[in-house]
Amino acid sequence: MSVITTHRDGEVLVIVSDNPPVNALGAAVRDGLVAAMDEALANDDVKTVVIRCDGRTFFAGADITEFGNPKAGSVDLNTVINTIESSPKPVVAAIHGTALGGGLEVALGCHYRVAVPSAKLGLPEVKLGLIPGAGGTQRLPRVVGVEAALPMVTSGDPIPAKLAASIGLVDKLVGEGSLEADAVEFARGVIGNASHPVSSARTDKIAGTGSGVFDAFRKTNARRLKGFDAPEAAIKAVEIATKHPFAQGLPMERALFEPLLAGAQSAALRHLFFAERAANKIDNLPADTPILPIARVGVIGAGTMGGGITMNFLSAGIPVTMVEREQAPLDRGVATIRKNYENTAAKGRITADQVEQAMSLLTPSLSLEDLAQCDLVIEAVFELMEIKKDVFGKLDAICKPSAILASNTSYLDINEIATSTSRPEALIGLHFFSPANVMRMLEVVRGAKTGASALATSMKIAKTIGKVAVVAGVCHGFIGNRILAARQKQGEAMLLEGILPERVDRVLTDFGFPMGPFQMADLAGLDIGWTKETSDPTRINYALCERGRLGQKNGAGFYDYAADRTRTPSDEVNALILDFADKSGLRRSDVSDEEILERLLYPMINEAALILEEHIAQRASDIDVMYVHGYGWPSFTGGPMFWAGTQGLDKVVAGLGKHADKWPDLSISKLLRDKAAKGESFA
Ligand code: 3HC
Ligand code: NAI
């Protein structure tokens, strides 16, 4: 059956697309839409047209799999949209699900747009390193104005239908369960109108826009957009819309689009799009694995992680029982959660009602017994094996038989923790990243005996709470922290060579990380694992702790911090580092930025390759997903493994050899060497 069908409702021709899973605008859809419009125009009985989609969504955009290999002979998207827009018979887009990218461009080509309240509309092309390529940057500002258009084209985030209606992008909100009927009625209602709005011909919303608004937008968003090529192109394209008639603007948009499509950033970001979806596919997990319902969650520990983890579920409407060992940390934990929600409300991102709604789902407790009815229990107590085993031993006796028992451990052996229960199949690692209510990454650690249901349910719940999940096997630090350790080791070694923290950090932020290793160490706290009694003064971190420099939390770590957290290099620390370097006899003055970058990143690639060899990660692209979402690796490079491929694995291997004296105990991965020798990448 054709992906595009038509049917009549009196004088209305309803065009329906059915191209699962997301009605991407592939060749057959485009050709079908033009043929259906021809039918509408050829038939005198047809006075108006409705375009809608079957399945879960309106057109979710161009078919990304067609990028780079266009289907010969089919019409392009601009032709489809021009055909719709130039129709003398009014065309109504009837939107549900997500109208994204090319999908929203089709809707903008329609004369009217109606949508159900749950629909979302957006131009997410920047997330793929692109700008809209079918008139989106030219029509959107004409319909909603520049101020509403700029955030949409540069962030790529979709907006809800209600907001879309308030800015004129949607003409009418219609019934959730009656989209076609309501759209048909709307279409009938406009037949008699003297004229119909043509987005590309409008000037009312953009007349008189000066350049100042674009420069101001660039300035305000500089930090967010740093390093990415596409958002700047999108701003330029919107500015073009305000200065040139549509007929000139459209090819100018195309001229900005084409080099992006052919460029490295878009290839990297498209790789990540498919990598994120591949990460959901799990080896040796039967498709019919039962997913357990998660109606109530237990969290043990109300500290840094426990509080953040709890918020994820409260925000998703799932009640949480949060258990502490004493009243004071419990009260502190609850107060922190409330404060976080209130801060978000103060920024206007949630309402005061939503704060109370979330807090009403929280039950604080001092008794593990209160977790008896929880479907999922996540432990976030101190990182000590004896304590974790003690907790899981107790949970074994308390929790209902179907409960999933999860540990948020950063490093500890999940298999050993599982020995403390009589139900190792229920035990799994759910490693959240700090701050757990903000970071999207979730490392799901599959123990040797973790059951299929526990795993499949964990992946499902990750999606429910808006996380990107990657499955890891058991080893010290799993995928994420094990790879990070390789970088940290080099960072510390550099200090002993007298390379100062701000330089090391600057090399990484120039590369595109939001912060370097020493800024990150200050944020996490230098005293992790440090006590006065066991302090080792030959380690610079510990020497700093001994001087009361514990990191950002007390205003002094590798850097000095002002009350507003402004960071400045510390003379005291830098002098200490140079003193260490002199005493170690390793001080150097000939280190290039290139060497710093190679020594920080290449050992990470090597460690990642070892992880692949050991089957700790299922696939290289999972590591990319984890590093982009969990550790700030710049997404426009595609993540570590994709980036290594763009550098050439032979260059990475040669680089590891070049600096071999800096990592005497490093074993170079055979997989990495073999692939480099064959000229392959990890893709
Ligand atoms: N092209 C091709 N395949 C697509 C696709 C697209 N635009 N969007 C999604 N898919 C595929 C996914 O790869 C996935 O395939 P799989 O099942 O084989 O892994 C399947 O559809 C389902 O996707 P999700 O798992 O992401 O489903 P969700 O329900 O979670 O999300 C969605 C749906 C919100 C539509 C999400 O898929 C999405 O954001 N898609 C991308 C939207 C986008 O970027 N559109 C712009 C494209 S560029 C463009 O339009 C250029 C134009 O300006 C010329
Ligand atoms: P934290 O010290 O802030 O909180 C731990 C909390 O657990 C404390 O409030 C403590 O009172 C409570 N607790 C200890 N024993 C308990 C028991 N038997 N019953 C109930 N409560 C108990 O520690 P944080 O940072 O939240 O770490 C918790 C776990 O999360 C650790 O395993 C850690 O490795 C892991 N983790 C930490 C990350 C971080 O950045 N802080 C990141 C990812 C994982």
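Okay, so let's go over this structure.

Observations concerning the pairing of strand 3 (residues 48-53)
Okay, step 1: A large share of strand 3 lies buried, amounting to six of its six residues.
Okay, step 2: Burial of the side chains of strand 3 extends over both faces: T48, V50 and R52 are buried on one face and V49, I51 and C53 on the other.
Okay, step 3: Across six bridges, the pairing between strand 2 (residues 12-17) and strand 3 is parallel. Along strand 3, the bridge assignment pairs L13 with V49.
Okay, step 4: For the segment spanning strand 2, helix 1 (residues 27-42) and strand 3, crossover handedness is right-handed.
Okay, step 5: One ladder, built from three bridges, connects strand 3 with strand 4 (residues 91-95); its direction is parallel. Residue pairing across strands places V50 opposite V92, the latter belonging to strand 4.

So, the environment of K388
Okay, step 1: Mapped onto the secondary structure, K388 falls in helix 16 (residues 385-398).
Okay, step 2: When the C-alpha positions of K388 and I417 are compared, they lie 6.8 Å apart, and in sequence the two are 29 residues distant.
Okay, step 3: When neighbours within four sequence positions are excluded, K388 is seen to be in contact with E379, V381, F382, E383, S407, T409, L412 and I417.
Okay, step 4: Among the polar contacts listed, one links the side chain of K388 to the side chain of E379, at a separation of 2.6 Å.

Notes on the sheet that holds strand 7 (residues 120-122)
Okay, step 1: The mixed open sheet is built from three strands, whose spatial order is 5-7-8. Each edge of the sheet is formed by a strand with only one pairing partner; in this case those strands are strand 5 (98-100) and strand 8 (159-160).
Okay, step 2: Pairing of strand 5 with strand 7 involves three bridges; the strand directions are parallel. Bridged to L100 within strand 7 is G122.
Okay, step 3: Sitting on the sheet, helix 3 (residues 102-109) touches strand 5 and strand 7, and the angle it makes with strand 5 is about 90°.

Quick notes on the layout of surface pockets
Okay, step 1: Volume-wise, the second largest pocket comes out at about 490 Å³.
Okay, step 2: Taken together, 27 residues make up the lining of the second largest pocket; nearest its centre are K489, Q490, A493, K662 and W663.
Okay, step 3: Residue assignment for the lining of the second largest pocket shows that the elements contributing at least two residues are helix 19 (480-496), helix 22 (540-546) and helix 24 (593-613).
Okay, step 4: Top element by residues in the lining of the second largest pocket is helix 19. It accounts for nine residues.

Topic: the packing of helix 13 (residues 304-315) against helix 14 (residues 327-346)
Okay, step 1: Relative orientation of the contacting elements helix 13 and helix 14 amounts to 55°, with a least axis distance of 10 Å. The orientation of helix 13 with respect to helix 14, classified from their angle, is oblique. Considering only the axes of helix 13 and helix 14, their crossing is right-handed. Contacts between helix 13 and helix 14 pair G307, T310, M311, L314 and S315 from the former with I337, N340 and Y341 from the latter.

With respect to the pairing of strand 11 (residues 320-323)
Okay, step 1: Side-chain alternation along strand 11 places V320 and M322 on one buried face and T321 and V323 on a second face that is also buried.
Okay, step 2: Where strand 10 (residues 297-300) lies against strand 11, four bridges are found, and the strand directions are parallel. Residue V299 lies in a different strand from strand 11, and its bridge partner there is M322.
Okay, step 3: Chirality of the crossover, the property in question, places the unit of strand 10, helix 13 and strand 11 among those that are right-handed.
Okay, step 4: Inspection of the sheet shows strand 11 paired to strand 12 (residues 362-365) by four bridges, in the parallel sense. What sits directly across from M322, in strand 12, is P364.

Procedures and definitions
- Residues numbered from 1 in each chain as written.
- Chains lettered and ligands numbered in written order.
- Predicted model: local features only at pLDDT ≥ 70, side-chain atom pairs only at ≥ 80, totals over all residues.
- Heavy atoms only, no water.
- Buried < 20%, exposed > 50% of the residue type's maximum accessible area, 1.4 Å probe, protein only.
- Helix = DSSP H or I, 4+ residues; strand = E, 2+ residues; numbered from the N terminus.
- Pairing = 2+ DSSP bridges.
- Right-handed = clockwise from strand over helix to strand, strands pointing away.
- Contact = heavy atoms within 4.5 Å.
- Polar contact = N/O pair within 3.5 Å; in protein donor to acceptor, adjacent residues only side chain to side chain.
- Axes fitted to C-alpha atoms, helices over the stretch in contact; angles between N-to-C directions.
- 1 Å grid on protein atoms, 1.4 Å probe; cavity = no way out; pocket = protein on both sides within 12 Å on 5 of 7 lines; lining within 4 Å.
- Points joined across faces, edges and corners; volume = space filled by probe spheres on them.
- Parallel < 35°, antiparallel > 145°, perpendicular 65-115°, else oblique.
- Left-handed = near helix turned anticlockwise from the far one by under 90°.

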